[in-house]
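# Chains, contacts and geometry: an overview
Now for the letters of each chain:
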Amino acid sequence: MASVDMPAHGARTVGDPYHIGHGVRQGTEISHGEGTLTSKRIVVGYGFWIFLLSDIIMFSAFFAAYAVLARQTAGGPTGAEVFDLKNVAIETVCLLLSSFTCGLASVAVEARRALWYYAAMLATFLLGAAFLFLEVREFADLIARGAGPDRSAFLSAFFTLVGCHGLHVTAGLLWLLTMMAQIFAKGFRPDILRRFLCFSLFWHALDIIWVALFTVVYLMGAGSSGAIL
Amino acid sequence: MTEEHVLHMEDTAPGDEPLAEGDVAGGIRAYLVGLGLALLLTAISFWLAGTSLVWRPAIPVALIVFAIGQMGVHLVYFLHITTAPDNTNNILALAFGVLIVFLIIGGSIWIMDHLNANMGETPPMQMSSPP
């Protein structure tokens, strides 16, 4: 019990009093309700993790809608007719590399190297922006060819699902610039580091959603296996 | 209780790599391994989608398997989700999220398939006979 009441851990604040998932810990601090040892970084990171999972569950609803509507083309074009897999491959590589450079930015933050951090974040921004540019160009091309979201249920579901991911990437790019500015203006302060942790989680989660997206929408919709869904 | 013991009992925030303190080269190497694996799985997926070498009905299942594998690579190497005791909370939340995702997607496809089967193929402009 001595550890719980020890005042030596000034940085650690109250939170997670039940220590869920810690069978080894004696449960006595439950009755005290004070002075547990969970740091704010863990509470913030965990809370943001819960948000990301909720966001993924929201995406799953769009995926379900797409899976159900993928064959309802109303006489309009099918996925195999409108998808350009080469474009999708370039988009995928851009987003994957941006996830990697975001990881490098995390390492730079750990090492407190400001210059590396700016370089890695700039690379992440450029790759993310390239991804977004390719996606917007694809959308504009589809709409110009009369295959806009109003053409069929399939295209409505497609634009909703892929567009929602694109909106997330747009928000992520704005957040990325904010994080560069905050490190520049405020330095490697603990609160800024927590924000950066959340940003990197967000950016990596976007790439995970894109993996599901290019597999289910593009590869299964346009590959040699034909329209499976 | 020593500081060391206390640290062992702490949770780890998702995205934090607990063992990589100050080890810049090791951190970069881990991200490089993740990038390599992810690129490999992506390349296999795109190759599978365009090939005629594989039995076609097997392609969708293979694509899903490779996608799930790549998500696992991202979770482990980019988000640093592990099976260690300090990650139990993160894993439990993830497991619950995955459960809901499968319920929503699987349930929707299941129900709508049965609805479509029961409805039969209806012509889009079928007129009901006037009373």
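Here goes a summary of the coordinates provided. (Residues numbered from 1 in each chain as written. Chains lettered and ligands numbered in written order. Predicted model: local features only at pLDDT ≥ 70, side-chain atom pairs only at ≥ 80, totals over all residues. Heavy atoms only, no water.)

## Re the pattern of salt bridges
According to the stated counting rule, one finds three salt bridges over all chains in the structure shown. Residue B:Asp16 is joined to A:Arg41 by a salt bridge in which the shortest nitrogen-to-oxygen separation is 2.7 Å. Remark: A:Arg41 occurs in helix H3 (residues 40-69) and B:Asp16 occurs in the loop between helix H1 (3-9) and helix H2 (24-50); the pair is interchain, linking two chains. B:Asp16 gets classed as buried once you look at its relative accessible area, which sits at 14%. Measuring nitrogen to oxygen at the nearest pair gives 2.8 Å for the salt bridge that ties A:Arg189 to A:Asp191. Classification of A:Asp191 by relative accessible area gives partly exposed; the value is 21%. (Salt bridge = Lys/Arg side-chain N within 4 Å of Asp/Glu carboxyl O. Helix = DSSP H or I, 4+ residues; strand = E, 2+ residues; numbered from the N terminus. Buried < 20%, exposed > 50% of the residue type's maximum accessible area, 1.4 Å probe, protein only.)

## Some details on unusual backbone geometry
Phi is positive for A:Arg112, which is not a glycine, with a value near 60°. Residue placement: A:Arg112 occurs in the loop between helix H5 (85-110) and helix H6 (114-144). Given a relative accessible area of 43%, A:Arg112 falls into the partly exposed group. Even without a glycine there, the phi angle at B:His80 is positive, about 55°. Mapped onto the elements, B:His80 comes out in the loop between helix H3 (59-78) and helix H4 (88-119). B:His80 sits in the buried class, given a relative accessible area of 4%.

## Regarding the packing of H5(A) against H2(B)
One can describe the packing of H5(A) onto H2(B) by two numbers: an axis separation of 9 Å at closest approach and a directional angle of 170°. With respect to their mutual orientation, H5(A) and H2(B) come out roughly antiparallel. Crossing of H5(A) against H2(B): the hand is right-handed. On H2(B), the residues touching A:Leu85, A:Val88, A:Ala89, A:Thr92, A:Leu96, A:Leu97, A:Phe100, A:Gly103, A:Leu104, A:Ser106 and A:Val107 of H5(A) are B:Val24, B:Gly27, B:Ile28, B:Tyr31, B:Leu32, B:Leu35, B:Ala38, B:Leu39, B:Thr42 and B:Phe46. Taken together, the residues that form the contact of H5(A) with H2(B) break down as 16 nonpolar, five polar and no charged. (Axes fitted to C-alpha atoms, helices over the stretch in contact; angles between N-to-C directions. Parallel < 35°, antiparallel > 145°, perpendicular 65-115°, else oblique. Left-handed = near helix turned anticlockwise from the far one by under 90°. Contact = heavy atoms within 4.5 Å. Nonpolar A, V, L, I, M, F, W, Y, C, P; charged D, E, K, R; others polar.)

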